Amino acid sequence: MAASSVAGEEVSIPGSVIINWISLNIPSSSPSISSSPPTDSVGTRDLAGCHVIDGDPQTYFVWRIHKNLPNVLEVFDVSPSNQFPSSGLRLVFKEALHPFSYIHKNEVQNGSYSLYAVTVSGCAYLLNIQKPSSYSLGAILSEKEILEINVRNNAHNGKTNAVTATQGCLVIGRIDGSVSCYRLGKLNPNSPGFSYEIRDDAVIGRLWNLVSKARIVGAVQDLVISQVYERVLLFAIHKDGILRVWDLFNRARLLCFNFSTFEPQGINPSKLWVSLVDNEKETIHIAILHQGVSEQESDRLSVYCFDISADEKSFFSSEPSRYDVPLGEGKVIDVKINTSKLWILKQVGSIRYELMEFDCETENACFYTLQEEKVSKQLFQFSENESFDDLLWTTDTLFSSLKDEAMNFISSIFLRRLIQTEVFQSSALRETFLDYNKFLSESQFQSLSLTGIRNEILSVIQREGGSKNPNLSAYYCKSFCCRFLQHHCENIVPYNLFLDLQNGSFGLIRKASISLFRILDPTEHLTHGSEELLNEIINCIDKLTSHVGRAASALYQESLISPLISSDDIIRQLVKLLEAGFTLSSPSSLISQFGSDAYFEKQKSTHKKQRKFSVDILLALNDLHSKANNWEPVLSAVEKYVEQLSPQKFNLNLQQIEFKSGYNVNCSVLVQATSQITRKMFDSAFGVLLLLAYLVEISGQVVLTQGDIARIKQRIIPKVEESLLQWLIIHFVGTTPTTRPPLDDYNSLLASLHIGNNGNTPLHKQLGTVRFTLACLLDFPSLDQASVSSFLNPTEIINLTKKFSSSILRKKDGEMTSSIFCGVTNCLVPVLLRHAQFEAAESVLSLLDTCSRNKKGRERKSDEREWCAQMHLRGFCLLMLANNELDSKLKEQKIHESIRCFFRAASSLAAPEALQNFSSETGFDHSEQIGSISAWRVHYYQYLISLFERFSFYSGACQFATSALEQVDGASDADLSVPASEVRGKLWNAVYTCSMCLKRYGDAYSAVTSNPDSVTKYALLKQFVGALCETGATKILCDGEMPFIGLVDRVEKELFSKATGKPHLYKVLYAFEAQRNNWRKAASCMYSYSTRLRTELNHLLTKDSHYSSSRISSLLQDILNALSCALNALHLVDASCAWIDLSTQDNLDLGWVSEMHGSKYCVDIEGLEKEYILTSAERLLCLRNKKFKISGSKNLSNLVDVLIHESLYDAAFNVILKFWKGSAMKRELESAFVSIAQECCANRKGTARGNLKSSSFLLLSSADDKMDEEMDEISATQQFKGNGQWDTLQHYLEKYRKLHGRLPVTVAETLLHMDPHIELPLWLVHMFKDGRNAKSWGMAGQESDAATLFRLYINYGRYAKATNLLLEYLEHYASLRPAEVIERKKMSAVWFPYSAIHQLLCDLNELQNAGHDEDQCDQLKTLLSGALAGHLKQIEVDSEDVLSSLYAEQEI
């Protein structure tokens, strides 16, 4: 199709794809009759139709019959003044239907409609139905709403071959050439005249027909009813080429014309179309289609023009004019005819269709671009046979230095286009997912948001290989789109055209959608060139754009929207590509994907193409230069062309145009048409930009002067960029789907009320759907009352797009401004904000920001008000997006950028005036008189503080509070509404609040100390300390970084008050005082902490009978830690002041603590140590699960006993040593060791002594040694478990006998008392002997000496042990070495317990006299007597030696 032959484009109606069908089963009373298929094979093709129902509003009833469901009739109604319906009817018949249906308004029943349908077996139905929206699932039609009649004739008549109808009349043409009429809806089937047959009026003709029994005419091929001069005419075309026309209700034939004389033999007519009457020329056109039997045979369409008149006798002229319509290739699907034009729908390929418009008067043909072609271009499906095309080469060349960014950038282009209303189709997308083995049910798919759909598509592409090889991401994206396009085209197969004869609108009914057609805008015709010089320029542009690939414009467009790659970089890379050709960055990946042969073949053809392009473009540019003599006329023509491409060319007075809110079908068509036009305009403007950039690059080769270069860079390119930005904004608004706002967004909830929606779907339910784009939120130019309820005709669509495009970019109030984007800033963006479309608004404002940065300073100054408003609105959008962002990194980036935008807005002197109109969108309102810019900024920053605090973005709020404090210094009290000191106080309060939320405690403390109001300062200080205590960040109070100059007492007081409720804060207070070397206060704090814990412990022990031992142990450990800290602190205080004042411990139940200290008013180090020891003992007992409550000093002895019983000996001795002194301490030590010794003998109390000899305690003879050894062995076995106790007894006895020398005596005496037969441990005996061997000076020693042991043996009847001990010492005394004899002879050097020895002898005599062990007693007495005799003799000798030596010394 040549570009010059394009007359218009198809505009799909959004929402027509998504219809919820409600099935209604139509019962039948007639039995099914099997018959051969009719001539027009039913079920071999799809069919649809549209009937216009007049009314207010006007309604279009659309019906469809699918060839795969021949017994189902789909019906839905469309009202252009309302939204597209969400539901339709599926009428399910028992038999296949004839490809026909007719719907009209029921004149009897208001609000109902009559529907005609005929089955192939010959049953006709008249159904009275309501609007499809009034039915629900499970609905049924009543018997009164269904009228069924049998239209089958007798067996000799033919079967139904053609059907048509008008209101109150059903007409059936049969295979035998007869035509029957049924007054359905007008008369009762049993009434006379209900059915009749239309035949020729001539009586002879009827008689001849009866006689010859032969058919005069062929089978009826098609029937058409048309109203001509207020007469209802029936046109019938027969298979033999005869056209007959009757007055339907008068039953009079008006014409019988044979077309076979004009057509070749063997070609039969198949379809008939009749035009409206041209009242001026009094002509009527009849189009007849002759279809070939096979697909190879071409179709023929002939048009006959009859002159008509109102004369009854000569209504039609006898000789019509005739001409053939050049159809070309393809099969005709449908034809619509007006007074002088035909629209012909053809299929020219498997998924390729054409719509041709033919002018009967000029016999010129033009074409309309259909949806299949547009979607293919949108998805870069330009070629079917190439393995990979220029898109892959272009992207690989442009993004050679990028990896993941290239993948994201390219996939974003495809995803953005797949989600566009014109392209998106849920069923096709689901089928594409199935091709990639990804199943999504309909409910799952419907639950996905737009972001979810994008993610699903991207995951499929990445799984195929896009993530592994980013350089081939364009290939994988295009492959996905190729499959999607195939399913898309299968779901939008064209069925039939429809034409509204009243207003001239026409459209196309597809398998799953309907659409209208528009003509091309005059600006679109500019792309083909009208002047010679402009035509040459456009040819050069076409060469450039075709060489870089058709995707170059999409790449540049995406670079403007997406921040991944700069648009300047895209242009720079494209110019480089034009100059040097394709330079692939990853040939290996291309070879591995497509094969080396295909790669090198493509590379070869690309190089050849580059050489040819370089020559052709250089020749074209030089030829252009030579024709104009220089570049100035060329540049002037380019500049004029750019002005024609700009949206400003419309130059409409919007103040005179009425705009109304409300979204309906016509509005959706308007949005779609606007998007189509803007896309073309953007591509055209991009081609101009590419040409200008290329000219600058090769300026030396085309003789471009410096003046020309400066003109291009400084004058023309900025205009082109502005035009590109304008078209991009309009296209972005028209194609970007809305997003569903957060549930807590107030503006969106308010907008969702949508008061006065006339039964349409509420706005909040449409937000977030693909078909509901941003443009649907805007006001639309209103139509006149006659056109508002009908579909827009092609001309109206174009006129409205101009108004709508202008309204997006300009203000509607007619205010003149130098800015070309005033409407975007003041009208478009506020509307988006009111509906919570923050992401879209931010994208638009980002585009405007890019444009403003590219402007010069003087131009920027003239647009300063608008720029300031843009910064304010963009900052607000970024803040809203950050609030809904889940990714923390992206959230921080958006917050940072938002803060930057707000500061930029506040920096302008025009800000007070620029921001006064956005109070309803952003909440900023400053209606008071502004004294100075500083005062305004203070108010502005206060608004921002509250805004950022609302979303808990305290970092930004803190920055604005700090900036506001700076501005307060430049504003006087007269400028501010409140005194400056009060403002400073509020701002410092804000700084404090934000700093605390950010845990910047140093900044918070600075804010507290900087507050000028002392009352507020102290209140903030109290909050500061309390907040630190609540959050556990109390370290900052104690590390010395905060000096607290003049505030120490208040901090102490606050900590004390907090510690009352939370005792653990005493630790903080201790650290706070310790850091300031207030050790006595620090000790007091920790002691207070310990007493608090002690109170809690007492409460737990007395009130809670189910307390946990671990809890008690933990409390006791905390008390120990607190007492330890208090002791350490008091040790650092001077001894004279080392005490704690108990009078400050308010309301504390000290109990036995005060009794123990001996004072209720103070406690010193010793008292703390005592308390520490007792608490430690209490904790040890708790760990042993022993319940022991210390109630006073009288209970300490019991405590010691319990500790010893639990083997807590260290704790017991610590208590004794700390709480008793002198004799009391010795007494307690003896008591303790008695207990320990008793524990050692605990296992011996049950030992039987009946078999033991009564003399076992005597010195044993050799005969009894064996028995004694067995007893010792038994004793050792019995004491095995007590061996640990013996070691403990030895350890502590050796440790503490220095404090009390009689402890061994106490132990031995206890052991012997517990078990008189016990063998004293050897180590205990050695303690008495003061070593292992006897001493030379006898048995004398300390309190626990050998003599004491000797007496113990005697007292407890251990005579043998006593005798052996005495003999040991006597023998040792007698066996001294000569060197030690002198020591023995000293005065009083040797001592033996002679009284005890005497007692021993007496006891032995008494025992012998009593008759017990007389022999052993004699033996012991003999040993003692001999030993004593020897000893006394030795003493006598030693005494004489001493006297002799004394006399000798005196003589000397």
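Bear in mind the structure is a predicted one, so any value in this text is a computation, not a measurement. All residue numbers here refer to positions counted from 1 along the written sequence of the relevant chain. Per-residue local features of the predicted model are confined to residues with pLDDT of at least 70, and side-chain atom pairs are confined, for both listing and counting, to 80 or more; whole-chain, interface and lining totals are unaffected and use all residues. The side-chain quantities take in all heavy atoms of the structure and omit both hydrogens and water.

## Some words on the pairing of strand β4 (residues 59-66)
Put simply, the test is: Exposure classes here rest on a 1.4 Å probe applied to the protein chains alone. A residue is buried below 20% of its type maximum, exposed above 50%, and partly exposed in between. Secondary structure is summarised from DSSP: a helix means a run of H or I of at least four residues, a strand means a run of E of at least two, and numbering begins at the N terminus for each. A pair of strands is labelled paired if DSSP reports no fewer than 2 bridges between them.
The buried count for β4 comes to 8 of 8 residues, which makes it a mostly enclosed element. The alternating pattern of β4 places Thr59, Phe61, Trp63 and Ile65 on one face and Tyr60, Val62, Arg64 and His66 on the opposite face, and all of these are buried. Of the pairings in the sheet, the one linking strand β3 (residues 47-53) to β4 comprises 7 bridges and is antiparallel in character. Paired with Val52 across the strands is Tyr60, a residue of β4. In this structure, the hairpin formed by β3 and β4 is closed by a connection of 5 residues. Taken together, the 6 bridges between β4 and strand β5 (residues 69-78) define a ladder with antiparallel strand orientation. Bridging across to β5, Trp63 finds its partner in Val75.

## Some points on the packing of aromatic side chains
The criterion, for reference: Think of it this way: a Phe, Tyr or Trp ring, Trp meaning its six-membered ring, pairs with another when their centres are within 6.5 Å, and the plane angle makes it stacked under 30 degrees, edge-to-face over 60, tilted otherwise. By the criterion adopted, a ring carries a charge over it if an Arg CZ or a Lys NZ lies within 6 Å of its centre and within 35 degrees of its normal.
Under the counting rule described, the total for this entry stands at 55 aromatic pairs. Taken together, a centroid distance of 5.0 Å and an interplanar angle of 15° make the contact between Phe506 and Phe517 stacked. Placement of the pair is Phe506 in strand β28 (residues 506-510) and Phe517 in strand β29 (residues 514-519), with a sequence separation of 11 residues. With a centroid separation of 6.1 Å and an interplanar angle of 35°, the aromatic rings of Tyr940 and Tyr943 are classed as tilted. Linking Tyr940 with Tyr943, this pair stays in helix α28 (residues 933-950), spanning 3 residues, or about one helical turn. Assessed through its relative accessible area of 0%, Tyr940 is described here as buried. Ring pairs connect the aromatic residues Phe902, Phe903, Phe924, Trp936, Tyr940, Tyr941, Tyr943, Phe948 and Phe960, which therefore count as one cluster. The ring of Tyr1018 has Arg1050 sitting right over it, with the charged end atom 3.6 Å from the ring centre.

## Some thoughts on unusual backbone geometry
Generally, phi is negative for residues other than glycine and the peptide bonds are trans, each holding for most cases. Notably, Glu282 is not glycine yet its phi reads approximately 55°, a positive angle. Of note, Glu282 is situated in the loop between β19 (271-274) and β20 (283-290). Even without a glycine there, the phi angle at Phe1044 is positive, about 50°. Within the fold, Phe1044 resides in the loop between α33 (1035-1038) and α34 (1048-1061).

## Side note on the packing of helix α42 (residues 1222-1240) against helix α45 (residues 1303-1314)
Packed helices, taken two at a time, are described by the angle their axes make and the gap between the axes. The cut-off we apply is this: Helix axes are fitted to C-alpha atoms over the stretch in contact, other axes to C-alpha atoms as well, and angles between N-to-C directions run from 0 to 180 degrees. Comment on the angle field: the value is read as roughly parallel under 35 degrees, roughly antiparallel over 145, roughly perpendicular from 65 to 115, and oblique elsewhere. Crossing handedness is read from the near helix: turned anticlockwise from the far helix by less than a right angle, it gives a left-handed crossing, and turned clockwise, a right-handed one. Contacts: residue pairs with any heavy atoms within 4.5 Å of one another. Residues were grouped as follows: Ala, Val, Leu, Ile, Met, Phe, Trp, Tyr, Cys and Pro as nonpolar; Asp, Glu, Lys and Arg as charged; and all remaining residues, including Gly, as polar.
Between α42 and α45, whose axes approach to 9 Å, the crossing angle comes to 40°. As summarised for this structure, α42 and α45 are arranged oblique, according to the angle between their axes. Note that α42 runs across α45; the crossing there is right-handed. Between α42 and α45, the residues in contact are Leu1229, Glu1230, Phe1233, Val1234, Ala1237 and Gln1238 and Leu1303, Thr1306, Val1307, Thr1310, Leu1311 and Met1314, respectively. Here the residues of the contact of α42 with α45 sort into 8 nonpolar, 3 polar and 1 charged.

## Let's talk about helix α48 (residues 1359-1374)
Filter applied, for reference: Expected span, for any helix, means 1.5 Å times one less than how many residues it has.
For α48, built from 16 residues, the straight-helix expectation of 22 Å at 1.5 Å per residue is met to within 8% by its first-to-last C-alpha distance of 22 Å. When α48 is considered as a whole, its buried residues turn out to be Tyr1359, Ala1360, Ala1362, Thr1363, Leu1365, Leu1366, Leu1367, Tyr1369, Leu1370 and Tyr1373.

## Details of the sheet that holds strand β9 (residues 123-129)
Read across the sheet, 4 strands follow the order β7-β8-β9-β10 without closing on themselves; strand pairing throughout is antiparallel. Looking at strand neighbours, the two that pair on one side only are β7 (102-105) and β10 (146-150), the edges of this open sheet. On average, each strand axis in the sheet is inclined to that of its neighbour by 15°, with strand direction left out of account. Relative to β9, strand β8 (residues 113-118) is paired through 6 bridges, and the arrangement is antiparallel. Note on β9: the bridge partner recorded for Tyr116 is Leu126.

## Quick look at the sheet that holds strand β24 (residues 341-347)
Paired through their backbone hydrogen bonds, the strands of a sheet run either parallel or antiparallel. Strand order in the open sheet formed by 8 strands is β23-β24-β25-β26-β1-β29-β28-β27, and the pairing between neighbours is mixed. Sheet topology places β23 (331-337) and β27 (494-499) at the edges, where each strand pairs with a single neighbour. Ignoring strand direction, the axes of neighbouring strands in this sheet form an average angle of 30°. By the bridge criterion, 5 bridges tie β27 to β28 in an arrangement that is antiparallel. Residue pairing across strands places Pro494 opposite Arg510, the latter belonging to β28. Where helix α2 (residues 371-378) meets the sheet, it contacts β1 (6-12), β25 (353-359), β26 (365-369), β27 and β28, and its direction lies at approximately 80° from that of β1. Sheet strands in contact with helix α16 (residues 665-697) are β1 and β29, and its direction is about 130° off that of β1.

## Describing the pattern of salt bridges
What counts is decided by this rule: The term salt bridge refers to a side-chain nitrogen of Lys or Arg lying within 4 Å of a carboxyl oxygen of Asp or Glu.
The tally for this structure, following the rule as stated, stands at 48 salt bridges. For Lys341, the salt bridge identified is with Glu357, shortest N-O distance 3.6 Å. With Lys341 in strand β24 and Glu357 in strand β25, this pair connects stretches of sequence that are 16 residues apart. Under the relative-accessibility criterion, Lys341 is labelled partly exposed at 31%. Among the residues examined, Glu357 registers a relative accessible area of 10% and is labelled buried. Linking Arg1358 and Glu1319 is a salt bridge whose minimum nitrogen-to-oxygen distance equals 3.7 Å. Within this pair, whereas Arg1358 is found in the loop between α47 (1346-1355) and α48, its partner Glu1319 is found in the loop between α45 and α46 (1322-1329), the two being separated by 39 residues in sequence. Relative accessible area serves as the criterion here: at 4%, Arg1358 is assigned to the buried category.

## Things to note about the side chain of Glu536
Looking at where Glu536 falls in the secondary structure, it is placed in helix α10 (residues 532-548). Accessibility expressed as a relative area gives 19% for Glu536, which makes it buried. For Glu536, the contacting residues outside a window of four places in its chain are Asp623, Leu624 and Lys627.

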